[in-house]
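The residues making up each chain are set out below.
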Amino acid sequence: MKRLLLSLLALFSLSAQAALTVRIPQPESLPPLYSYYRQLLTLALEKSGEEFVIKQVALNEPQPQLALKLRDGKPINLLWAGTTGEYERQLLPVRIPLLRGLSGFRLLLINQTRQQEFSQIQNLAELASFTGVQGIGWSDVEILKQAGLNISAAPSHTILDMLNRNQQVDYYPRSLVEAHVELTVATAQYPLLMAEPRLLLYYPFAIYFFVSPEYPELADALTRGLDRAYRDDSFIALFEQYPPIRASLPVLQQPRLRLDLANPDLTESTRALPDHYWYPGTRP
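Please read these numbers as outputs of a predicted model, since none were measured by experiment.

The rules behind these values
Counting starts from 1 at the beginning of each chain's written sequence and moves along it residue by residue. Owing to the predicted nature of the model, reporting of local features is limited to residues with pLDDT of at least 70; listing and counting of side-chain atom pairs is limited to 80 or more, with chain, interface and lining totals taken over all residues. Each side-chain value is worked out from all heavy atoms of the structure, with water and hydrogens disregarded. Throughout, exposure labels follow a simple rule: accessible area from a 1.4 Å probe, protein chains only, divided by the maximum for the residue type, with under 20% read as buried, over 50% as exposed, and the rest as partly exposed. Helix and strand assignments follow DSSP, with helices taken as H or I runs no shorter than four residues and strands as E runs no shorter than two, numbered in order from the N terminus. What the arc measures is the spread of directions leading from the helix axis to the C-beta atoms. The contact definition used throughout considers only heavy atoms, calling two residues in contact when any of these lie within 4.5 Å. A pair is scored as a salt bridge if a Lys or Arg side-chain nitrogen falls within 4 Å of a carboxyl oxygen belonging to Asp or Glu. The pairing criterion is simple: DSSP has to find at least two bridges between the two strands. An axis is simply a line fitted to the C-alpha atoms; with a helix, the fit covers only the stretch in contact. Between two such axes, the angle follows the N-to-C directions and lies from 0 to 180 degrees. Crossovers are described as right-handed under a simple rule: with the strands pointing away from the observer, the path leading from the first strand over the helix to the second runs clockwise. Side-chain atoms within 4.5 Å are what join buried Ala, Val, Leu, Ile, Met, Phe, Trp, Tyr and Cys residues into a set we call a nonpolar core. Pairing of aromatic rings covers Phe, Tyr and Trp, the last through its six-membered ring, and needs centres within 6.5 Å; plane angles under 30 degrees mean stacked, over 60 mean edge-to-face, and all others mean tilted.

## A look at helix α3 (residues 63-72)
Here α3 has its buried residues at Gln63, Leu66, Ala67 and Leu70. Summarising the axial view, the buried residues of α3 lie within an arc of 100°, below the 170-degree limit, and thus occupy one face. Buried residues along α3 sit against β1 (20-26), β3 (78-82), α4 (85-90) and β11 (207-211). Of the residues flanking the end of α3, it is Gly73, one or two places downstream, whose phi is positive at about 75°.

Rendered as structure tokens:
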């Protein structure tokens, strides 16, 4: 009996060691799409066929600091973020766009008192006379700056308050889905915020899962799992059924003035991804 018990304990120990342990950052204030990426991560791991456990690590640091921790694999080994050439060189990118390229469509969150000024804008040069804002270290900052726009960086948790107070910045480019969620959640606290109704920015952009180079088996499992989720349509089902995504898509049918920006930092590996990974109209 004792020998049987020891054998069972040994098998349990081997099983526990074989399970993938995924450690993701959990900020104190969860970003708008945190639950979507968390669900997608679970789906990909389930489809990979691997045993796994997901652990959330309390971290409130800007994205560049998180990326440095990710590179070393301590205390996190996975992060989702907008891709850059540097991230793809230093980390292990799982090259399947998690928002199918929708993150490249940007609404401008503004203070309602500024709407008349924004209604006069006809091109990027005129938008450049206003000051936009992004979070410190976000991948979009350089894309917007290289397009000639005047962009400042601020701690992400302060941006909505800055706009609501009409202080220092004029607009906040947010992806369709993020803008929808933030306006829904923040209306009571920031009553003067609105989505500018006429303009739409676009640049090719992808959000990936990035894995620590110390955990190549995790990157392989996620690549395998996401590919299977695409093939059996469970990825698309999650994407289409996620309420904020579904609610934001009608914006693309509105008669807006679209201002296109280049993304010179988009890698050839990302540009070469198959068409079916991208939402219609977002392929680089």
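Next comes the rest of the write-up.
## Examining the pattern of salt bridges
Throughout the structure, instances matching the rule amount to 14 salt bridges. The shortest N-O distance in the salt bridge between Asp232 and Lys47 comes to 2.7 Å. Of this pair, Asp232 sits in the loop between α10 (216-231) and α11 (234-241) while Lys47 sits in helix α2 (residues 34-48), placing them 185 residues apart in sequence. Here Lys47 falls in the partly exposed class, since its relative accessible area comes to 28%. Arg283 is paired through a salt bridge with Asp275; the nearest N and O atoms lie 2.2 Å apart. Among the charged side chains, a salt-bridge network with shared partners connects Arg114, Glu117 and Asp170.

## What to know about the environment of Pro97
Note on placement: Pro97 falls in the loop between β4 (92-94) and β5 (105-111). Exposure remark for Pro97: the relative accessible area of 0% places this residue in the buried category. As for Pro97 and Asn166, which are separated by 69 residues in sequence, their C-alpha atoms are 34 Å apart. The contacts of Pro97, once residues within four sequence positions are left out, are Ala206, Ile207, Tyr208, Tyr230, Phe235, Leu273, Tyr277 and Trp278.

## Focus on the sheet that holds β3
Spatially, the three strands line up as an open sheet ordered β3-β11-β4, and their pairing is antiparallel. With one partner strand each, in any of the chains shown, β3 and β4 form the two edges of the open sheet. For this sheet, the mean angle separating the axes of adjacent strands, direction not counted, is 35°. In the sheet, β4 pairs with β11 via three bridges, with the strands oriented antiparallel. Looking at β11, one finds that Leu92 is bridged to Val211. Of the strands in this sheet, β3 and β11 touch α3, which is tilted by about 140° from β3.

## Quick look at the pairing of strand β7 (residues 150-154)
Examined bridge by bridge, strand β6 (residues 131-135) and β7 share five bridges and lie parallel to one another. Of the residues in β7, the one forming a bridge with Gln134 is Ala153. For the segment spanning β6, helix α7 (residues 140-146) and β7, crossover handedness is right-handed.

## Concerning the nonpolar core
Generally speaking, nonpolar side chains in soluble globular proteins are found buried as a group. Counting 95 residues, the largest nonpolar core has Tyr36, Leu78, Leu127, Phe209 and Leu222 as the members making the most contacts within it. Sorting elements by how many residues they give to this core places α2 first, with eight residues. Apart from residues no more than four positions distant in its own chain, Leu222 is found in contact with Leu41, Ala44, Leu45, Leu78, Val94, Phe209 and Val211.

## Section: the packing of aromatic side chains
Considering all chains together, one arrives at 15 aromatic pairs under this definition. Where Phe118 meets Tyr171, the ring centres are 6.0 Å apart and the plane angle is 80°; that geometry is what we call edge-to-face. With Phe118 in helix α5 (residues 115-118) and Tyr171 in the loop between α8 (159-164) and β8 (172-175), this residue pair connects regions lying 53 residues apart in the sequence. The interplanar angle of 25° and the centroid separation of 6.4 Å between the aromatic rings of Trp138 and Tyr172 together place this pair among those described as stacked. In this pair, Trp138 sits in the loop between β6 and α7 while Tyr172 sits in strand β8, placing the two residues 34 residues apart along the sequence.

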